[in-house]
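Descriptive structure summary
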Amino acid sequence: MRVSVICPVYNANISHLRSAIRSVLEQRDFEVYEIILIDDHSTAPALKDALNGLVKENRKISLYQTPMNLGPSGARNLGLSKAAGDWIAFLDADDLWPSNKMELVHRALALLPDSRWLTGDVAELDQTGQIKVKQRFGCYIAGDDRSNNVQRMTGHSFSRSLILEGLHLGTSVIRYDCLKELLNFDEDVRYGEDVIFLVKLSLLIPADYIPNISYIYRRQTSSMMWSKGRLSSLYATGPVSAFQDPQLKAFRREFRWMLYSVYKNIAANNIINGRIFPGFQYALKAFFLDPRTILDLLIFTAISLSPGTSRISRIRLYSNSELILLDDSGQFMSTITHNGR
C-alpha cells in the first residue's frame, strides 16, 4: 500500500507545518510513500526557506510551486497530478494525523480488502492544546446504535449525510484509480470545495467508515475561514456551484438549504461588522431562496436598524452560525459567542 499525502501550503505557520509533516512521518508501524507539498504562491520568505528545508530533510517529501494563488482546489489538483502512490490522503498545513492513522487503515483493509475509500472521525485541537472529539460521523445514517467495526456507507443516504453533517477531507484515504481522470476539485470554488468533492465521490464508490479518530484539525484564526472572505460571495461559491451542478441534481434540496444558511451567515457577519447594505443584500438572497422565511427577513431588518452594540447582542435571533469580527484591514479580531461577546 503506497499512500501519497497531498498538503497545500499558503503562508502557513512554520511551526504548525512542521508538526503536521512530523505527524505523518512518525506513523506507528506503517509508513507513507510520499508527502507532496504544494506551495500555493506563498508570500512569506521564511516559509519558502522552511519548505525547501523540509525537502532536504526527508527524501519522502517533494515540493511543487504554483505560478499564482490557485486556492485549495487548484493546489490539491496539482498534487493529484504529481502523486505516484496507489492511495491518496490529504493534510492541511496546520493540522495533524493521529499516530495510529495508518495502523487503522491497514486494519480496515484486512477486514475489507476490496475497500476503495476509508474514512473516520475527526477531532479538534483547540487553542489550549486540548484535543476534543467532534460529533462522530454517520449519525444521520445509522443513529447511535453502531458497533465498533468498520461500516460500509453507500447510496443517497450516505451522500445526504455528507451534506447535512459534513465530513473532513483529511479523514479520507482513497484509492487513486477512483480519482484519476474521473474526479478532481472544482477550482472555481474557494469555500466548500471539499464537500462537493466528497459528495461526487460518494456517487461513484462506497466509503468504509472506521469508528476511530483519523484526523485532528487545529482551530486557529489565520485561515480563509476567519477572513474577509466570510463577508462576501466567495463564501457561498461551494453551495452555489453544487446547487447548479447537474451531477448533484438529486441533492438540490440539501444544497439549497446549505446555501440558505450560508447566505444568512454572510448577512449576519456583514451586519455585526457594520456593513448594513451588503448584509441586507445577502439577507434578501436567503429570503428569495425560500420566501416562506419572511419572518427571518423581518427579524434581520429590525436588527439592522438597531444600534451597533445592540445588533451584536441580538444577531443570534437571526443566525446561529459562527460570527467573526474583523479589523479595518479585514483581519480577524475575535469571534462572537452566543451571549454576544
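**Some remarks on the pairing of strand 11 (residues 332-336)**
As judged from the 4 bridges shared by strand 10 (residues 323-326) and strand 11, these two strands associate in the antiparallel manner. Looking at the pairing, Leu325 lines up with Ser334 of strand 11. Between strand 10 and strand 11, which follow one another and run antiparallel, lie 5 residues, and Gly330 among them has a positive phi close to 85°.

**Thoughts on the side chain of Gln27**
By secondary structure assignment, the location of Gln27 is in the loop between helix 1 (14-25) and strand 2 (34-39). Relative accessible area serves as the criterion here: at 8%, Gln27 is assigned to the buried category. Within the structure, the side chain of Gln27 is placed 2.9 Å from the backbone oxygen of Pro98, a separation counted as a polar contact. Sequence-distant contacts of Gln27, that is, excluding residues within four places in its chain, are made with Trp97, Pro98, Ser99, Asn100, Lys101 and Met102.

**Describing the packing of helix 9 (residues 252-272) against helix 10 (residues 276-289)**
The contact between helix 9 and helix 10 brings their axes to 7 Å, and the two run at 160°. Classified by the angle their axes make, helix 9 and helix 10 are roughly antiparallel. Regarding helix 9 and helix 10, the two cross each other, and that crossing is left-handed. Counting all contacts with helix 9, which are made through Arg256, Leu259, Tyr260, Tyr263, Lys264, Ile266, Ala267, Asn270 and Ile271, the residues of helix 10 involved are Ile276, Pro278, Gly279, Tyr282, Ala283, Lys285, Ala286, Phe288 and Leu289. A per-class count over the contact of helix 9 with helix 10 returns 13 nonpolar, 2 polar and 3 charged.

**Points about the nonpolar core**
Formed by 63 residues in total, the largest nonpolar core has its most connected members in Trp117, Leu179, Phe255 and Tyr318. The element best represented in this core is helix 9, accounting for 11 residues.

**Some details on helix 4 (residues 101-111)**
Among all positions in helix 4, only Lys101, Met102, Glu103, Leu104, Val105, Ala108 and Leu109 are buried. The inward-facing, buried residues of helix 4 contact strand 1 (3-9), strand 4 (87-90), strand 5 (117-125), strand 8 (173-175) and strand 9 (207-218).

Reading the values: rules and limits
- Counting from 1, residues in each chain are numbered in the order their sequence is written.
- Residues qualify for local features only when their pLDDT is at least 70, as the model is predicted, and side-chain atom pairs are given and counted only at 80 or more; totals for whole chains, interfaces and linings, by contrast, use all residues.
- Computation of side-chain values covers all heavy atoms of the structure but excludes hydrogens and water.
- Pairs of strands are assigned from DSSP output, requiring at least two bridges between the strands.
- Each helix is a run of H or I in the DSSP string that is no shorter than four residues. Each strand is a run of E no shorter than two, and both are numbered from the N terminus.
- Classification of residues uses two cut-offs on accessible area relative to the type maximum, computed with a 1.4 Å probe and protein chains only: under 20% is buried, over 50% is exposed, and between them is partly exposed.
- The term polar contact refers here to a pair of N or O atoms within 3.5 Å; inside protein, the definition further demands a hydrogen-donor-capable atom paired with an acceptor-capable atom, and it admits residues adjacent in sequence only when both atoms are side-chain atoms.
- By definition, residues are in contact when any of their heavy atoms lie within 4.5 Å.
- In this analysis an axis means a line fitted to C-alpha atoms, helices contributing only their contacting stretch, and an angle means the value between N-to-C directions, from 0 to 180 degrees.
- Reported orientations rely on four angle classes, namely roughly parallel under 35 degrees, roughly antiparallel over 145, roughly perpendicular from 65 to 115, and oblique for the rest.
- What makes a crossing left-handed is the near helix being turned counterclockwise from the far one by less than a right angle; a clockwise turn instead makes it right-handed.
- The nonpolar class holds Ala, Val, Leu, Ile, Met, Phe, Trp, Tyr, Cys and Pro. Asp, Glu, Lys and Arg form the charged class, and all remaining residues, Gly among them, are polar.
- To define a nonpolar core, start from buried Ala, Val, Leu, Ile, Met, Phe, Trp, Tyr and Cys residues and group those joined through side-chain atoms within 4.5 Å.

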